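Chain and residue survey
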Amino acid sequence: MGKKGFFICVEGLDGCGKTTQTKLLVERLEAKGYDAVYTAEPSLGKIGKFIKEYCLHGEKRVSSIVEALLFAADRFEHVENEVVPALDEEKLVISDRYVYSSLAYQGAAGLSLEWIRKINEHAKRPDLAVFIDVEPETVVQRLKPTKSVMENLGTQRNVQKVYMKLVEKGELVRIDGNRSKQEVADDILTVVLGFLEKPSLTS
Ligand code: TYD
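So, here's what we can say about the structure.

Around the ligand lies a shell formed by Asp14, Lys18, Glu41, Lys52, Leu56, Phe71, Arg75, Arg97, Ser101, Ser102, Tyr105 and Gln106. Arginine 97 places a side-chain nitrogen or oxygen 2.8 Å from an oxygen atom of the ligand. One of the side-chain nitrogen or oxygen atoms of serine 102 is found 2.5 Å away from an oxygen atom of the ligand. Isolated, the ligand exposes 550 Å² of accessible area, and the fraction of that covered by the protein chains is 79%. Of all the elements in the fold, those that place two or more residues in the shell around the ligand are α2 (46-56), α3 (64-88) and α4 (99-108).

Below, the structure written as structure tokens:
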């Protein structure tokens, strides 16, 4: 199951340019002859759509525990329906967000990382995960603030802290996102190609 394909995910704060960079990475890998496919979380499945409609853009946020459980359920569907079938076809699956988003966002909201890991035990381990690190101040300026700017900044800082903890543990590879789109894209491509050429050294 999924022998020859590779599963790579891209993480970062909202507004860090992650979706643009993930799509660009897929294009650039395809240009190099890889059979790459873009996926994202929340996924295209029913739970992913439910999350988008009722949790992210609704008037009232659900509790972090419910959020974490929904994201874990959506992840199961994403892996089963999109990731594994593509890996079985020996594709390179590039996911825009994965389990690290749950650790970072729901962890920053106060849930224990152990519990988040537990409910995500089913989640297939990616071969490589990169974190586009952009200063929280920068992303807050880019995003339309929904609450007070400071509150938003505080949240983004907490999310970044968890991501950096995962970088220190070696679970994520940090990419300096505080540069031009081209420079960031070049760096991500270098890391990914480095991994693809010698997967056993980095996984
Ligand atoms: P985002 O990538 O911004 O999706 P979209 O562009 O479709 O709105 O992700 C949506 C939000 O969901 C983002 O703020 C991060 C959050 N999120 C979590 O809190 N936990 C998770 O496990 C995932 C996958 C996302």
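There is more to say after this.
Here the residue pair glutamate 41 and proline 42 is connected by a cis peptide bond, since its omega of -5° sits within 30 degrees of zero. Of note, proline 42 is situated in the loop between β2 (36-40) and α2. The backbone phi angle of glutamate 90 is positive, close to 65°, even though this residue is not glycine. Residue placement: glutamate 90 occurs in the loop between α3 and β3 (92-96). For glutamate 90, a relative accessible area of 47% puts it in the partly exposed group. Backbone geometry places arginine 97, a non-glycine residue, at a positive phi of 80°. Here arginine 97 shows up in the loop between β3 and α4.

Time to look at the sheet that holds strand β1 (residues 6-12). With respect to topology, 5 strands assemble into an open sheet ordered β2-β3-β1-β4-β5, the strand pairing being parallel. The sheet terminates laterally at β2 and β5 (173-176), the two strands that pair on one side only. Sheet twist, expressed as the average angle between the axes of neighbouring strands with direction ignored, equals 25°. Two elements, strand β4 (residues 128-133) and β5, share 4 bridges in a ladder whose sense is parallel. Among the inter-strand pairings, aspartate 133 is bridged to a residue of β5, identified as aspartate 176.

Our next topic: the packing of aromatic side chains. Counted under the stated rule, the structure contains 4 aromatic pairs. Between phenylalanine 6 and phenylalanine 195, the ring centres sit 5.4 Å apart and the planes meet at 85°, which makes this aromatic pair edge-to-face. Taken together, the positions of phenylalanine 6 in strand β1 and phenylalanine 195 in helix α8 (residues 181-197) put the pair 189 residues apart, joining distant regions of the chain. Phenylalanine 6 gets classed as partly exposed once you look at its relative accessible area, which sits at 22%. Seen in terms of ring centroids, phenylalanine 50 and tyrosine 54 are 4.8 Å apart; in terms of plane orientation they differ by 40°. Their pairing is tilted. Of this pair, phenylalanine 50 and tyrosine 54 both sit in helix α2, 4 residues apart, roughly one helical turn. The class of phenylalanine 50 is partly exposed, set by a relative accessible area of 38%. Note that lysine 23 overlies the ring of tyrosine 38, its terminal NZ or CZ placed 5.1 Å from the centroid. Note that arginine 75 overlies the ring of tyrosine 98, its terminal NZ or CZ placed 5.7 Å from the centroid.

Let us now look at the side chain of threonine 22. Within the secondary structure layout, threonine 22 lies in helix α1 (residues 18-31). Overall, threonine 22 belongs to the buried group, its relative accessible area being 0%. If near-sequence neighbours (up to four positions away) are discounted, threonine 22 is found in contact with Val10, Tyr38, Ile94, Ser95 and Asp96.

A separate point is a nonpolar patch on the surface. The grouping of Ile65, Leu69 and Trp115 at the surface amounts to a nonpolar patch, some 260 Å² of accessible area in total. Within the secondary structure layout, tryptophan 115 lies in helix α5 (residues 113-119).

So, how was this worked out
Residues numbered from 1 in each chain as written. Predicted model: local features only at pLDDT ≥ 70, side-chain atom pairs only at ≥ 80, totals over all residues. Heavy atoms only, no water. Near = heavy atom within 4 Å. Polar contact = N/O pair within 3.5 Å; in protein donor to acceptor, adjacent residues only side chain to side chain. Areas by Shrake-Rupley, 256 points an atom, 1.4 Å probe, with all protein chains shown as cover. Helix = DSSP H or I, 4+ residues; strand = E, 2+ residues; numbered from the N terminus. Buried < 20%, exposed > 50% of the residue type's maximum accessible area, 1.4 Å probe, protein only. Pairing = 2+ DSSP bridges. Axes fitted to C-alpha atoms, helices over the stretch in contact; angles between N-to-C directions. Phe/Tyr/Trp six-rings, centres within 6.5 Å; stacked < 30°, edge-to-face > 60°. Lys NZ or Arg CZ within 6 Å of the ring centre and 35° of its normal. Contact = heavy atoms within 4.5 Å. Patch = residues over 30% accessible without salt bridge, like charges linked within 9 Å, V, L, I, M, F, W, Y side chains within 5 Å. Salt bridge = Lys/Arg side-chain N within 4 Å of Asp/Glu carboxyl O.

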